[in-house]
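Letter by letter, the chains look like this.
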Amino acid sequence: EIRSLYGLEILDSRGWPTIKATCTLSSRAYASASIPSGRSTGTAEAWELRDGDQARYRGRGCRQAADNINTIINQALRGRDITSQQDLDQALCELDGSPNKSRLGANAILAVSISFARAQARERGISLYRHFSELLEEPVTHFPRLTINLFSGGRHAGRQVAIQDVLMVPSGASSIDESLVTMSNIYQTAADQTYETYGMRLLTADEGGQAPPFESSEVMLEAAVAAIEGAGYRPGEDVHLAIDVASSHFYRDGQYELDQRRLQPGEMIEHLCRWRSRYPIVSLEDGLAEDDWLHWPHLCEALGNTTLILGDDLLCTNPERIVRAIHSGACNGLLLKVNQIGTLSEAITAHRLARQAGWQVTVSVRSGETEDDWAADLAVGWSADQFKNGSITQSERLAKYNRLLEIEAGERLPIRPWPRVLKPGHTR
Ligand code: PGA
Ligand code: ZN
């Protein structure tokens, strides 16, 4: 039973407001959770409630969302017989009553959902990742393979190039610790190479990725391969690449405005295939735009046998969109961001649908994060295939990596092998 709920407006890693909630149970066990926020958002995401008062944080204040926790949600849920996560999340959705959580705000709702989960884990005296695993009703079988941001472009870096993220996949590493060592070597090498090429010190983007003034996406990919080699690793063997093209953000009037080019969808797919054949890419996120449903199955057919075709903006962790993508063979992997959908229970549904279809699941944080580390527990607890958490600088990222190190120190689990054989996304 919930004794009280408390909401507070706090600041995220970009200095914009977000929400922290504290849940106290009748046993007096209590816990807090804070919620991230995206910049490169999908249009089908659940609604983040913002105050709109231009005099405070350019309209991005979250006082109303915090207030909704303190008044409407607290009054409706306190003292009520809510013992399971599902009961809570259902009650929150009913209380909100809108299709996209716009009345109370998905930021308010998710903060309550996660703080309740953490309070329950505390009450039970178990780790949060164990509790997450029990909520999913699946055992923890392995640690996720890390995909770590090296270079940034797109909306996260002022759009100097089209591709939003180039991530390192330390596929040869057999532990979280070894993955981070590998990444550190590559990150430092890339920083040296940037200095040699551009004569500039490190400039970093929203997720701590390096953002030199690359002339094109290809130059960015070449630099990623050079950094792997420079650090003494074999590209395509020890370390692979994952890219987030985030192409919804350069899709206009049915065409892709990629760097200096304008490509028809078919040409865009050919372009992605060329990248795939020239660079050691094992994962391709949002290669096409969020509403280009017609062409996603062609992309998945072309590359899905060898490459993870991940839907982020396409799916928005939304069960209805996931079902549509499964039926049309649009992708073979879910990028799971809990705040895109707004409750833990709905994210569980999303996860189950993806797994039943034979897809892989990448648990991801957002570009605007806080020092909270629950996403690391979620990635472990739900045995994610991959974890996407940005770069290895900036404390909002390190809170999660450090939590993984802590879990690994107490728990001997294998890390997910990669590349492993992918199921074709084509299910028609
Ligand atoms: P966002 O970006 O958190 O700014 O939406 C992350 C991503 O596109 O994967
Ligand atoms: Zn993305």
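Residues numbered from 1 in each chain as written. Chains lettered and ligands numbered in written order. Predicted model: local features only at pLDDT ≥ 70, side-chain atom pairs only at ≥ 80, totals over all residues. Heavy atoms only, no water.

Colleague: Whenever I open this one, the coordination of the zinc ion (ligand 2) confuses me. Can you help?
Modeller: Metal coordination angles have textbook ideals: 109.5 degrees for a tetrahedral set of four donors and 90 or 180 degrees for an octahedral set of six. Bound to the zinc ion (ligand 2) on the protein side are Asp 244 (OD), Glu 285 (OE) and Asp 312 (OD), at distances that span 2.0 to 2.2 Å. Positions of the donor residues of the zinc ion (ligand 2) along the chain correspond to the pattern D-x40-E-x26-D. In this pair, Asp 244 sits in strand E6 (residues 240-244) while Asp 312 sits in the loop between strand E10 (308-311) and helix H9 (319-328), placing the two residues 68 residues apart along the sequence. Assessed through its relative accessible area of 1%, Asp 244 is described here as buried. The exposure class of Asp 312 is buried, given its relative accessible area of 2%. (Donors = N, O, S within 2.8 Å, 3.2 Å for Na, K, Ca; no water. Helix = DSSP H or I, 4+ residues; strand = E, 2+ residues; numbered from the N terminus. Buried < 20%, exposed > 50% of the residue type's maximum accessible area, 1.4 Å probe, protein only.)

Colleague: Any chance you could explain the sheet that holds strand E11 (residues 333-336) here in plain terms?
Modeller: In any sheet, the strands associate via hydrogen bonds between backbone groups, in a parallel or an antiparallel arrangement. Taken in spatial order, the eight strands line up as E4-E5-E6-E9-E10-E11-E12-E13 and close into a barrel, and their pairing is mixed. Each neighbouring strand pair of the sheet contributes to a mean axis angle of 25°, computed without reference to strand direction. The pairing of E11 with strand E12 (residues 360-364) spans four bridges and is classified as parallel. Bridge pairing in E12 links Leu 336 to Val 363. Running over the sheet, helix H13 (residues 395-410) touches strand E4 (145-152) and strand E13 (386-388) and is turned about 155° from E4. (Pairing = 2+ DSSP bridges. Axes fitted to C-alpha atoms, helices over the stretch in contact; angles between N-to-C directions. Contact = heavy atoms within 4.5 Å.)

Colleague: Explain helix H11 (residues 344-356) to me, please; I cannot follow it from the model alone.
Modeller: Owing to its 3.6 residues per turn, the α-helix brings residues three or four apart onto one side. The first and last C-alpha atoms of H11 sit 18 Å apart over 13 residues, in line with the 18 Å expected at 1.5 Å per residue. Where H11 ends, the next residue or the one after it, Gly 358, has phi of about 80°, a positive value. (Expected span 1.5 Å × (residues − 1).)

Colleague: I would appreciate a short explanation of the UniProt feature "binding site: (2R)-2-phosphoglycerate" (unreviewed entry) in the protein in the present structure.
Modeller: The UniProt record marks Gln 164, Lys 337, Arg 366, Ser 367 and Lys 388 with the feature "binding site: (2R)-2-phosphoglycerate" (unreviewed entry), using the residue numbering of this structure. Relative to the helices and strands, Lys 337 resides in the loop between E11 and helix H10 (338-341). For Lys 337, a relative accessible area of 6% gives the class buried. When near neighbours in sequence (up to four residues on either side) are disregarded, Lys 337 contacts Asp 312, Thr 317, Ser 364, Val 365 and Arg 366. Summarising the element assignment, Ser 367 is placed in the loop between E12 and helix H12 (374-381). Beyond its immediate sequence surroundings of up to four residues, Ser 367 is in contact with Ser 13, Arg 14, Ser 37, Gly 38, Arg 39, His 156, Asp 206, Glu 207 and Arg 397. (UniProt positions renumbered as here; feature names shortened; annotations may be inferred.)

Colleague: What is the right way to read the UniProt feature "domain: Enolase N-terminal" (unreviewed entry) in the protein from this model?
Modeller: Taken from the UniProt record, the annotation "domain: Enolase N-terminal" (unreviewed entry) applies to residues 2-132. Secondary structure over residues 2-132 splits into 39% helix and 18% strand, and the C-alpha atoms at its two ends are 19 Å apart.

Colleague: I'm lost on the packing of aromatic side chains in this one. Help?
Modeller: The description of an aromatic ring pair uses the distance of the two centres, along with the angle that the planes make with each other. Here the structure, examined in full by the defined rule, presents five aromatic pairs. Between Phe 151 and Phe 214, the ring centres sit 4.9 Å apart and the planes meet at 80°, which makes this aromatic pair edge-to-face. In this pair, Phe 151 sits in strand E4 while Phe 214 sits in the loop between helix H5 (176-198) and helix H6 (217-230), placing the two residues 63 residues apart along the sequence. Using a relative accessible area of 2% as the deciding quantity, one classes Phe 151 as buried. Phe 214 gets classed as buried once you look at its relative accessible area, which sits at 5%. With a centroid separation of 4.6 Å and an interplanar angle of 40°, the aromatic rings of Tyr 251 and Tyr 256 are classed as tilted. Looking at Tyr 251, the relative accessible area reads 21%, which means it is partly exposed. For Tyr 256, a relative accessible area of 0% puts it in the buried group. Counting every residue linked through ring pairs, the aromatic cluster contains Phe 151, Tyr 198 and Phe 214. Across from the ring centre of Trp 16, 5.3 Å away, lies the NZ or CZ of Arg 60, which sits over that ring. (Phe/Tyr/Trp six-rings, centres within 6.5 Å; stacked < 30°, edge-to-face > 60°. Lys NZ or Arg CZ within 6 Å of the ring centre and 35° of its normal.)

Colleague: Looking at this model, I keep getting lost on the packing of H5 against H6. Mind explaining?
Modeller: Here H5 crosses H6 at 125°, and the two axes come no closer than 8 Å. Between H5 and H6, the angle falls in the class oblique. Between H5 and H6 the crossing geometry is right-handed. Facing Ile 186, Thr 189, Ala 190, Gln 193 and Tyr 198 of H5, the residues of H6 in contact are Val 219, Ala 223, Ala 226, Ala 227, Ile 228 and Gly 230. When grouped by side-chain class, the residues that make up the contact of H5 with H6 number eight nonpolar, three polar and no charged. (Parallel < 35°, antiparallel > 145°, perpendicular 65-115°, else oblique. Left-handed = near helix turned anticlockwise from the far one by under 90°. Nonpolar A, V, L, I, M, F, W, Y, C, P; charged D, E, K, R; others polar.)

Colleague: Please explain the site of ligand 1 as it appears in this structure.
Modeller: Not every one of the 14 residues close to ligand 1 is listed here, only the nearest: Arg 39, Ser 40, Arg 366, Ser 367 and Lys 388. In the model, an oxygen atom of ligand 1 is placed 3.1 Å from a nitrogen or oxygen of the Asp 244 side chain. At 2.5 Å, a side-chain N or O of Ser 367 approaches an oxygen atom of ligand 1. Its residues assigned to classes, the shell around ligand 1 shows no nonpolar, six polar and eight charged. (Near = heavy atom within 4 Å. Polar contact = N/O pair within 3.5 Å; in protein donor to acceptor, adjacent residues only side chain to side chain.)

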